[in-house]
Amino acid sequence: MGIKKNKIFFKKMKWPWANRKYKDTVFRLLFKNDKAALLELYNAINHSHYDNPDDLIINTLDNAIFMGMRNDLSFIIDTRLNIYEHQSTDCKNIPLRCLLYVSTLYQQIIDDDKIYGSRMLKIPEPHFVVFYNGTNKLPEEVTYKLSDMYEKASNNPELELTVRIININQGMNDALMKSCKNLSGYSTFVAKVREYNDTYSLPSAIRMAMDYCIDHDILKDFFTRERKTIYMYSLFEYNQKGHMKVIREEGREEGREEGRNEAREEAAMNTILFGYEDGLPEETIRNRLKQTYKYSDEKIDELFAIANAKNKEKLTK
């Protein structure tokens, strides 16, 4: 087929850690390293019945080549190259992005010395799917085409690429959700985050949504295993949003300082709560707070009192 037999995985390239929205983070964690979950998703979308996860060859772009380019999931199965993206925005430019992705993928899986030969190479047929869960209203499924982006489109464009946009918000595509419990659980998680975020900060909303899913046996093992990673990404996103908000509010020094303090206290509080969950000694947690946040003993005592009250309230529910 012209595929490099000994080159299943992409070249590892180190790039600075890029910010990913919490939904992207959860989506990637849920499917990227779990072939069984990814195969379940593939079968649900294509109405197929593959039962051997080892048939999958995962070759996801991860900050590859020159542009820091990345995509969420890509894999080969049965000579089909599947490129899956998760999006929280209705991006009409996704066909062009997919064109760049697939070009880079082909560059990495095709033998360079064979591409100029006279013998025709056989390459995996690409298929593009975007899982959408933004707040803008979209139908259950829509198709975007590369030719829609052409300034002067012809009736029969010589280069075409189509992308399926599948709406995975709660209440959409019921049959698909029933066929893929991981996708259904993910959809529930995002819905709960939005519900809690109406009242609480994003990090707290994400933590509460994970607790809800664990308590209701929704992706329980996954959220138990990955909760700290998910929380840290959410905190990074939350602090970045807070920072940008501060920049836009120049001249309001008091408000800026208050916002920074609230973000730090939120992070410190979760350090205590996660420390309790891990069974860490109180002294270890206190030392972490001193080293990370430079809090005084009095401030740390105050935070522990609030954390203990929260734990007690949780236990009595």
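Residues numbered from 1 in each chain as written. Predicted model: local features only at pLDDT ≥ 70, side-chain atom pairs only at ≥ 80, totals over all residues. Heavy atoms only, no water.

A. The sheet that holds strand S1 (residues 57-58), seen in detail. Across the sheet, 6 strands lie side by side as S1-S2-S3-S4-S6-S5; this open sheet has mixed pairing. Each of the sheet's edge strands pairs with one partner strand only, and the pair in question is S1 and strand S5 (141-145). As paired elements, strand S3 (residues 80-87) and strand S4 (residues 125-132) share 8 bridges and run parallel to each other. Bridge pairing links Arg-80 to Glu-125 in S4. Most of the contacts of helix H3 (residues 94-109) go to S3, to which it runs at about 135 degrees, and overall it touches strand S2 (73-77), S3, S4, S5 and strand S6 (162-167). (Pairing = 2+ DSSP bridges. Helix = DSSP H or I, 4+ residues; strand = E, 2+ residues; numbered from the N terminus. Contact = heavy atoms within 4.5 Å. Axes fitted to C-alpha atoms, helices over the stretch in contact; angles between N-to-C directions.)

B. Here's a closer look at the environment of Ile-94. Relative to the assigned elements, Ile-94 resides in helix H3. Sequence separation of Ile-94 and Val-129 is 35 residues, and the distance between their C-alpha atoms is 10.0 Å.

C. Summary view of the confidence of the model for the protein chain. In this model, the protein chain carries a mean pLDDT of 80, and residues with pLDDT of at least 70 account for 78%. Throughout residues 63-69 the model reports pLDDT below 50, and contacts reaching past four residues in sequence, or to other chains, amount to 21 contacts. (pLDDT = per-residue confidence, 0-100.)

D. Examining the packing of aromatic side chains more closely. Using the criterion set out here, one finds 10 aromatic pairs in the structure. When the ring of Phe-27 is compared with that of Phe-131, the centres are 5.5 Å apart and the planes differ by 45 degrees; the resulting orientation is tilted. Highlighted residues: Phe-27 in helix H1 (residues 22-31) and Phe-131 in strand S4, separated in sequence by 104 residues. For Phe-27, a relative accessible area of 0% gives the class buried. Ring geometry for Phe-75 versus Tyr-84: centroids 5.2 Å apart, planes at 85 degrees, classification edge-to-face. (Phe/Tyr/Trp six-rings, centres within 6.5 Å; stacked < 30°, edge-to-face > 60°. Buried < 20%, exposed > 50% of the residue type's maximum accessible area, 1.4 Å probe, protein only.)

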